[in-house]
Amino acid sequence: MRQMTVAAMAAIAVLAASAGLAGCASESSRSSVGATPAGGGGSSAAASCSNAAIQGQLYAKGMLTVATDKPVYPPWFVNNKPANGQGYESAVAYAVAAQLGFSKSQVTWAYEPFNSSYAPGPKKFDFDVNEISYSAQRAQVVTFSDSYYDVQQALVALKNSPIVTKHSPADLKSYVFGDQVGTTSLQFINSQIQPSQTPKVFETLNDVKQALQTKQIAALVTDTPTAEFITTEIPGSVVVAQFPSTGEHYGLLFAKGNKLVTCVNKALATLKGNGTLAKLTAQYLKDFTSVPTIQP
């Protein structure tokens, strides 16, 4: 859902130049759960992932430190309380922790602003969970786990808007869109929809929702689960349709080269294989197969 700010992109470019980084993986190389980490943080598959073995890799000995932003929203978190284990991302974090041998009381939550989570440098957490989309550019300075959720973008509008019935790729170019600064959704509008009018950019998602309600914009774009939640907050709004998959997915974010990612990827693979991720998806994220897909 989210993308980096210009300042963060500049910082990455400087770091890459100083380190002699000649390039990065293509977008098509992004991983899914159980595959080799797209962030390039893997190590020997034979490495021990017992709780005792990973203690030396932790930010705080004996505790798993998980970071996220503040505030946090449904369906990813519930009641703005990451530590309650409710909401898809909170539940996934605790499920991963359990696979690594941590009890719920051994998981501590840290505050990390979204835009600083993928900035270069050391981290005050073991991993961050905050709907952070993997990108090859980000992966130059941080490490990502395999996917814990594959995401599609969706279109939200008011029910009486013309866009509800007229939203072919050609039609979409004629509307005024709006989105939050720095998000992959805003990037999607500019690169995929390519509207004739420059999208309006807002500081927060709440500002975007207000703009839709007051008809400053015809529609907004966001990931499908968030789009569904937004329609419960804005009277008379609807998820018009979702766009074909671009391969975007969320990954748990680590400091660059953190070897803990190998064990977290093993945990994610187990959670996928035993059906836990599917159960959490069914519990917190509805089945979006009924949402029509805009055809190219």
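This text follows the structure it describes.
Definitions and cut-offs
Residues numbered from 1 in each chain as written. Predicted model: local features only at pLDDT ≥ 70, side-chain atom pairs only at ≥ 80, totals over all residues. Heavy atoms only, no water. Helix = DSSP H or I, 4+ residues; strand = E, 2+ residues; numbered from the N terminus. Buried < 20%, exposed > 50% of the residue type's maximum accessible area, 1.4 Å probe, protein only. Phe/Tyr/Trp six-rings, centres within 6.5 Å; stacked < 30°, edge-to-face > 60°. Axes fitted to C-alpha atoms, helices over the stretch in contact; angles between N-to-C directions. Parallel < 35°, antiparallel > 145°, perpendicular 65-115°, else oblique. Contact = heavy atoms within 4.5 Å. Nonpolar A, V, L, I, M, F, W, Y, C, P; charged D, E, K, R; others polar. Pairing = 2+ DSSP bridges.

Engineer: I would appreciate a short explanation of unusual backbone geometry in the present structure.
Structural biologist: Residues apart from glycine generally show negative phi values, whereas peptide bonds are mostly found in trans. Following Lys 70, the chain continues to Pro 71 via a peptide bond in cis, the omega torsion being 0°. Of note, Pro 71 is situated in the loop between β1 (64-68) and α3 (88-99). With omega at 0°, the peptide bond leading from Pro 74 into Pro 75 counts as cis. A positive phi angle, near 50°, is found at Gln 194, a position not held by glycine. Looking at the secondary structure, you find Gln 194 in the loop between α6 (184-193) and β7 (200-202). Under the relative-accessibility criterion, Gln 194 is labelled partly exposed at 47%.

Engineer: Please explain the packing of aromatic side chains as it appears in this structure.
Structural biologist: Tallied over the full model, the rule gives 13 aromatic pairs. Here Tyr 88 and Tyr 149 contribute two aromatic rings whose centre-to-centre distance is 5.8 Å and whose plane-to-plane angle is 65°, an arrangement assigned as edge-to-face. One end of the pair, Tyr 88, is in helix α3; the other, Tyr 149, is in strand β4 (residues 142-150), with 61 residues separating them in the sequence. The same class applies to Tyr 88 and to Tyr 149, which are both buried. Considering the side-chain rings of Phe 127 and Phe 254, the 5.8 Å spacing of their centres and the 50° angle between planes classify their relative orientation as tilted. Placement of the pair is Phe 127 in strand β3 (residues 127-128) and Phe 254 in strand β10 (residues 249-255), with a sequence separation of 127 residues.

Engineer: Please explain the packing of α3 against helix α9 (residues 260-273) as it appears in this structure.
Structural biologist: Two numbers describe a pair of packed helices, the interaxial angle and the distance between the axes. With their axes 9 Å apart at the nearest point, α3 and α9 run at an angle of 110° to one another. Between α3 and α9, the angle falls in the class roughly perpendicular. Between α3 and α9, the contacting residues are Ala 95, Val 96 and Gln 99 on the first element and Val 264, Ala 267, Leu 268, Thr 270 and Leu 271 on the second. Looking at the contact of α3 with α9, its residues break down into 6 nonpolar, 2 polar and no charged.

Engineer: How should I be thinking about the sheet that holds strand β9 (residues 237-242) in this particular structure?
Structural biologist: Hydrogen bonds between backbone groups are what pair the strands of a sheet, and the pairing can be parallel or antiparallel. Strand order across the open sheet formed by 5 strands is β7-β6-β8-β5-β9, with mixed pairing between neighbours. Unpaired on one side and paired on the other, β7 and β9 mark the two borders of the sheet. Ignoring strand direction, the axes of neighbouring strands in this sheet form an average angle of 35°. Of the pairings in the sheet, the one linking strand β6 (residues 177-180) to strand β8 (residues 219-223) comprises 2 bridges and is parallel in character. Looking at β8, one finds that Gly 178 is bridged to Leu 220. On the sheet, α6 packs against β5 (153-158), β6, β7 and β8 and is oriented at approximately 145° with respect to β6. Lying over the sheet, helix α8 (residues 224-233) contacts β5, β8 and β9, oriented at roughly 130° with respect to β8.

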